[in-house]
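Commentary on secondary and tertiary structure
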Amino acid sequence: MQKSRSTQPLISRRKLLGLTASAVMISATGFSISKRALAQVPELADVQALVFDVFGTVADWRGTIIQEGNQLNARKGYEVDWGEFADRWRSGYGPAMNQVRSGELPWTKLDDLHRMVLDELIVEFELTNLSEAEIQHLNEVWHRLAPWPDAIAGLARLREHYTTATLSNGNVSLLLNMAKNAGLPFDTILSAELSRHYKPDPEAYLKAAELFSLRPDQVMLVAAHPSDLRGAARAGLRTAYVHRPMERGPERPTVAPARDEFDLFADDFIDLAEQLGA
């Protein structure tokens, strides 16, 4: 059965809602919001903003690290398995964030947590003869993540009907650099850094609604990670799961949650746009 699409005219464009000085704007031209024909999910008709997890949802962190790491192998003569390296790096920042949550560390932005984990991996994987400049460049690979093939086109469609923003544990400068480098058409950059609480703490999600002057249920988190979506749902946000089966590589395809656990289940951003009538 063909999905219904909105036939109602666009509301006149309005300027982007005022944010705190900490919220970095990518586009100051404003956005338009359409009245959406969502007969299949009428309870989502009030959703006005979509906020996106980034690592794994919008961008292919593992593939990017492998690609840049293999280039480093060629230059330095290393024989590093960069898939394993990427997995270890990614898995290390969760415990590092827990150190912040527990008070063992003061608020520490993700760039610095990534560097803490990287310094340990450099020793473990015997990455000798790296200068400080090279180490810093490697740590900033997270600023250069490549988007999934559907990300730019899907975001462009969704942005025509919704306010769109990142909502990642990445710090603002990381996310801004990544979005600009990849050409990701977000309206604005939001980050856990603005609330000084890492997801899935409720403060991270509620800060997004506060900054947009919206109720939590008028904001939808789009993510490829059920734990993130569950945190958003507990905070009162709407949720859309996007399946990224290759996030952790072909050897470990992602197992999808039940299709009815979240408000929407999408195969990619294009599918999400279709379901939302964008």
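Residues numbered from 1 in each chain as written. Predicted model: local features only at pLDDT ≥ 70, side-chain atom pairs only at ≥ 80, totals over all residues. Heavy atoms only, no water.

With that settled, the discussion passes to the overall build of the protein. When you go through the protein residue by residue, the secondary structure sums to nine helices and nine strands. Counting over 278 residues, the protein shows a buried share of 53%. A separation of at least 24 residues holds for 67% of the contacts in the protein among residues at least 6 apart in sequence. For the protein, the accessible area works out to roughly 12,400 Å², and carbon and sulfur atoms hold 51% of it. (Helix = DSSP H or I, 4+ residues; strand = E, 2+ residues; numbered from the N terminus. Buried < 20%, exposed > 50% of the residue type's maximum accessible area, 1.4 Å probe, protein only. Contact = heavy atoms within 4.5 Å. Areas by Shrake-Rupley, 256 points an atom, 1.4 Å probe, with all protein chains shown as cover.)

Our focus in this paragraph is the layout of surface pockets. Reported here for the largest pocket is a volume of approximately 410 Å³. Lining the largest pocket are 19 residues, and of these Arg90, Tyr93, Met97, Asn169 and Ser227 lie nearest its centre. Listing elements by their share of the lining of the largest pocket, those giving two or more residues are helix H2 (82–102) and helix H8 (226–234). In terms of residue count, the dominant contributor to the lining of the largest pocket is H2 (seven residues). (1 Å grid on protein atoms, 1.4 Å probe; cavity = no way out; pocket = protein on both sides within 12 Å on 5 of 7 lines; lining within 4 Å. Points joined across faces, edges and corners; volume = space filled by probe spheres on them.)

Bringing the packing of aromatic side chains into the picture now. Applying the stated criterion across every chain, the model contains eleven aromatic pairs. Judged by centre distance (5.3 Å) and plane angle (65 degrees), the ring pair of Phe52 and Phe269 falls under edge-to-face. In this pair, Phe52 is assigned in strand E2 (residues 49–52) and Phe269 in helix H9 (residues 269–275), connecting sequence segments 217 residues apart. With a relative accessible area of 0%, Phe52 lands in the buried category. Measuring from ring centre to ring centre gives 5.1 Å for Tyr241 and Phe265, while their planes differ by 45 degrees; the resulting arrangement is tilted. Note that Tyr241 is positioned in strand E8 (residues 238–242) and Phe265 in strand E9 (residues 264–266), a separation of 24 residues in sequence. Residue Tyr241 is classed as buried on the basis of its relative accessible area of 0%. On the basis of relative accessibility, which here comes to 9%, the residue Phe265 falls in the buried class. Taken together, Phe55, Trp61, Trp82, Phe85, Trp89, Phe125 and Trp142 form an aromatic cluster joined through their ring pairs. (Phe/Tyr/Trp six-rings, centres within 6.5 Å; stacked < 30°, edge-to-face > 60°.)

What follows is about empty space enclosed by the protein. Taken as a whole and judged by the stated rule, the model has one cavity of 30 Å³ or more. Empty space within the largest cavity amounts to approximately 30 Å³. Lining the largest cavity are Leu167, Leu190, Ser191, Leu194, Ser195, Ala204, Lys207, Ala208 and Leu211. Going through the elements one at a time, strand E6 (188–191) and helix H7 (202–211) are the ones with two or more residues in the lining of the largest cavity. With four residues, the top contributor of residues to the lining of the largest cavity is H7. Among the residues making up the lining of the largest cavity, the classes are represented as six nonpolar, two polar and one charged. (Nonpolar A, V, L, I, M, F, W, Y, C, P; charged D, E, K, R; others polar.)

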